[in-house]
Amino acid sequence: MTKSMKSHDGKSTVASQNPRNVMSSQTFFTQAWSVDVLTLFPEAFPGVLGHSLTGNALNAGKWELNTIDLRAFGVGKHKNVDDKPAGGGAGMVLRADIVGKAIEHVLKVNSAERPLIFLSPRGRPFEQALAQKWVTSPGVILLAGRFEGIDQRVIDHYLMEEVSLGDFVMSGGEIAAQAMIDTCVRLLPSVLGNPRSIVDESHTSGLLEYPQYTKPTEWKGKRIPQVLQSGNHQKIAEWRRDQAEIVTKSRRPDLWNKRR
Ligand code: SAH
């Protein structure tokens, strides 16, 4: 499993023993793709990212994960990080000075030019194209909000980009961070066993994926489409293409129209 080292400044590093050379036709960096997550819940990481494909890649040093505990930068005996919203209203807001100190810390430890992202339901919707862009950087810095979010001045000062996982509101940015990191890590060269699976899948080519089948050949009276058992690769490719178009047109006319 992943190795975790804690230190007094609230920063913990997971794995990345032997960064590998990750070269391909795109510009990728030769060091491990480096993710820093600022959060009030560092113990929620690596979470699901510690398993399977992303977990193996983490252990192999193909990417590296640092969590920065916002609480470590809190003020007073109770290490307070939040306060009431100026102007009144419900909930609490993460303080500008606290979050600012945490960001300064991250930038000091790793000065590589990485996108600085605030996870926020107000942000630009996350999509495959954005993940593809992020993996051409040396990594990414993600700030996970809690409560009502963070003081606007932090977003403005550091020119943070706000990115949303979708049009819904969660109680914190940690799940959004893990979803976005997972999407990126599987795009890193040498992480996916068969790079073809990236080329064919939903949201890469602009089409949703065709239906998939496997054993048994017959199940509850339903048979696998004949063409998939024909061994005729050209026919199979045509069938899959047709199916991908049908699925995309009917489910996501927005994607279909964008293609054309
Ligand atoms: N008051 C805010 C919501 C705060 S939710 C608003 O109305 O916009 C608390 C935190 O959870 C946010 O700061 C953000 O970091 C995270 N979060 C919630 N929903 C999210 C989403 N759809 N995408 C990304 N982050 C989200």
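Anyway, here's the lowdown on the structure attached to this text. Since the model is a prediction, treat every value here as computed from it, not as a measurement.

1. Quick look at the environment of Gly-172
- Mapped onto the elements of the fold, Gly-172 is located in the loop between strand 9 (161-164) and helix 5 (174-185).
- For Gly-172, a count of 16 C-beta atoms within 10 Å translates into the label partly exposed.
- Measuring from C-alpha to C-alpha, the distance between Gly-172 and Glu-148 comes to 9.2 Å, with 24 residues separating the pair along the chain.
- Setting aside its immediate chain neighbours within four residues, Gly-172 contacts Phe-41, Ala-144, Gly-145 and Arg-146.

2. Some remarks on the nonpolar core
- Among the nonpolar cores identified, the biggest contains 44 residues, and Val-99, Ile-117, Leu-119 and Leu-142 are the most heavily contacted of them.
- The dominant element in this core, judged by the number of residues it contributes, is helix 5, at six residues.
- With near-sequence residues (within four places) excluded, Leu-142 lies in contact with Val-35, Val-37, Ile-117, Leu-119, Ala-177 and Met-180.

3. So, unusual backbone geometry
- Looking along the chain, the bond that leaves Phe-45 and enters Pro-46 is cis, with omega of 0 degrees.
- Considering the arrangement of structural elements, one finds Pro-46 in the loop between strand 3 (33-39) and helix 1 (52-59).
- Look at the link from Lys-215 to Pro-216: it is a cis peptide, with omega at -5 degrees.
- Inspection of the secondary structure puts Pro-216 in the loop between helix 6 (196-200) and strand 10 (218-219).
- The residue Lys-79 is not glycine, and still its phi comes out positive at about 50 degrees.
- With respect to the element layout, Lys-79 can be found in the loop between strand 4 (63-69) and strand 5 (82-83).
- Its 14 C-beta neighbours within 10 Å are what place Lys-79 among the partly exposed residues.
- Of note in this structure, Phe-147 is not a glycine but carries a positive phi near 55 degrees.
- Residue position: Phe-147 is located in the loop between strand 8 (139-144) and helix 4 (152-157).

Rules used throughout
- Each chain has its residues counted from 1, following the order in which its sequence is written.
- Under the rules for a predicted model, residues below a pLDDT of 70 receive no local features and side-chain atom pairs below 80 are neither given nor counted, while totals for whole chains, interfaces and linings still include all residues.
- By definition, any uninterrupted DSSP run of H or I lasting at least four residues is a helix, any uninterrupted run of E lasting at least two residues is a strand, and each is numbered from the N terminus.
- Here a residue counts as buried when 20 or more other C-beta atoms fall within 10 Å of its C-beta, as exposed when 12 or fewer do, and as partly exposed in between; the C-beta atoms come from the backbone.
- Each residue is represented by a C-beta atom placed from its backbone, and any two residues with such atoms within 7 Å are regarded as in contact.
- In this usage, the nonpolar core is the set of buried Ala, Val, Leu, Ile, Met, Phe, Trp, Tyr and Cys residues whose C-beta atoms join them within 7 Å.

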